Amino acid sequence: MENKKYIVGNMKMNLNFEEIEVYFNQMKEIAKNEQVIFCPTDLYVPYFIEQGYHTGVQTTSEYAKGAYTGELSAVQAASIGCTHTILGHSERRVMFHETDDIVARKVRQALNFDLSVILCVGESEEERKNGTMEAVLKRELEAVFVTLTEEEAKKVMIAYEPIWAIGTGSVPTNEEIKYAIDTIQTILKSFGITESTILYGGSVNDSNISELNQIDNVSGFLVGGACLNAVKFLSMIEVVLK
Ligand code: PGA
């Protein structure tokens, strides 16, 4: 299994153009490492690529092209030089009603055009409380992985993101994260997938990343709010790359 660790910045719908310029001025060369992936708002993607950063998008369409106002296709993202697309983020699942089937179709489109996928899975607070976390993870993973070949599966990185931890400051314990990732690995093994890269996401910041980085089955982090401050994000990148 690959030991490389990754850190992905999901900038969501944040930062205006002036703030992006300040961000570039504060960011350092180390962030151009291929294990660091920036996912800015689509509008800023070309700037990140021009500056030499590994760049992904926050979602891509389930369709290849056509009359889908406001959508961005995987082939468009790949053709400009994006390397990754985040799919199945809970904000897309919950606020934009993306079902497991839609997520699976988006993954198919992305892989058809050689875009690597960061697939987000994770339970809500209610699902955790009523003991269905394992079933939720299985359902979300199965929808995607049953359609993939072994080669294709290698292009899908998973981000375990408990919904109740996103943007809330509540982080599971290291033991809880380890258990969830073990569960994901067991589910993947049942589909014949023995090698996987699994990130943790949900309120990771410059104060807790060193402790979270101790979890032995975590292959890196998906960071939201804390990646918006270049100085803080740099200190987190240093923890992951060292
Ligand atoms: P957060 O977001 O770090 O702000 O909790 C993580 C995410 O949504 O990917």
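Predicted, not measured: the structure shown is a model, and the values here were computed from it.

## As for the overall build of the protein
In step 1: Secondary structure summary: the protein contains eleven helices and eight strands in total.
In step 2: Here the C-alpha atoms of the protein give a radius of gyration of 17 Å, agreeing with the 18 Å that 2.2 N^0.38 yields for 242 residues.
In step 3: Counting the 242 residues in the protein, one finds 51% classified as buried.
In step 4: Contacts in the protein between residues at least 24 apart in sequence constitute 72% of all its contacts with a sequence separation of at least 6.
In step 5: With the model as given, the accessible surface of the protein reaches about 11,400 Å², and the carbon-plus-sulfur share is 50%.
In step 6: Each charge class in the protein was averaged separately, 21 positive and 34 negative side chains, and the resulting centres sit 2 Å apart.

## Considerations on the packing of aromatic side chains
In step 1: In this structure the tally under the stated criterion is eleven aromatic pairs.
In step 2: Centre to centre, the rings of Phe24 and Tyr53 are 5.9 Å apart; their planes meet at 5 degrees, and the pair counts as stacked. In this pair, Phe24 sits in helix α1 (residues 17-26) while Tyr53 sits in the loop between α2 (45-50) and β3 (54-57), placing the two residues 29 residues apart along the sequence.
In step 3: What makes Phe24 buried here is its relative accessible area of 12%.
In step 4: Judged by its relative accessible area of 6%, Tyr53 is buried.
In step 5: For the pair Tyr160 and Tyr200, a centre-to-centre distance of 6.3 Å together with 50 degrees between the ring planes defines the contact as tilted. Here the residue Tyr160 occupies a position in strand β6 (residues 156-160), and Tyr200 occupies one in strand β7 (residues 198-201), the gap between them amounting to 40 residues. Neither Tyr160 nor Tyr200 differs from the other in exposure class; each is buried.
In step 6: Ring pairing ties together the aromatic residues Tyr23, Phe24, Phe38, Phe48, Tyr53 and Phe233, which thus form one cluster.
In step 7: We note Lys32 situated over the ring of Tyr53; from NZ or CZ to the ring centre the distance is 5.4 Å.
In step 8: One residue, Arg92, lies across the ring of Phe96, its end atom 4.2 Å from the ring centre.

## Observations regarding empty space enclosed by the protein
In step 1: Scanning the model with the defined rule gives one cavity of 30 Å³ or more in all.
In step 2: In terms of lining, the largest cavity is formed by Phe145, Ala153, Val156, Ile158, Leu188, Ile193, Glu195 and Ser196.
In step 3: Here the lining of the largest cavity is composed, by residue class, of six nonpolar, one polar and one charged.

Conventions we followed
- Residues numbered from 1 in each chain as written.
- Predicted model: local features only at pLDDT ≥ 70, side-chain atom pairs only at ≥ 80, totals over all residues.
- Heavy atoms only, no water.
- Helix = DSSP H or I, 4+ residues; strand = E, 2+ residues; numbered from the N terminus.
- Rg over C-alpha atoms; globule rule 2.2 N^0.38 Å.
- Buried < 20%, exposed > 50% of the residue type's maximum accessible area, 1.4 Å probe, protein only.
- Contact = heavy atoms within 4.5 Å.
- Areas by Shrake-Rupley, 256 points an atom, 1.4 Å probe, with all protein chains shown as cover.
- Lys, Arg positive; Asp, Glu negative; His and termini not counted.
- Charge placed at Lys NZ, Arg CZ, Asp CG, Glu CD.
- Phe/Tyr/Trp six-rings, centres within 6.5 Å; stacked < 30°, edge-to-face > 60°.
- Lys NZ or Arg CZ within 6 Å of the ring centre and 35° of its normal.
- 1 Å grid on protein atoms, 1.4 Å probe; cavity = no way out; pocket = protein on both sides within 12 Å on 5 of 7 lines; lining within 4 Å.
- Points joined across faces, edges and corners; volume = space filled by probe spheres on them.
- Nonpolar A, V, L, I, M, F, W, Y, C, P; charged D, E, K, R; others polar.

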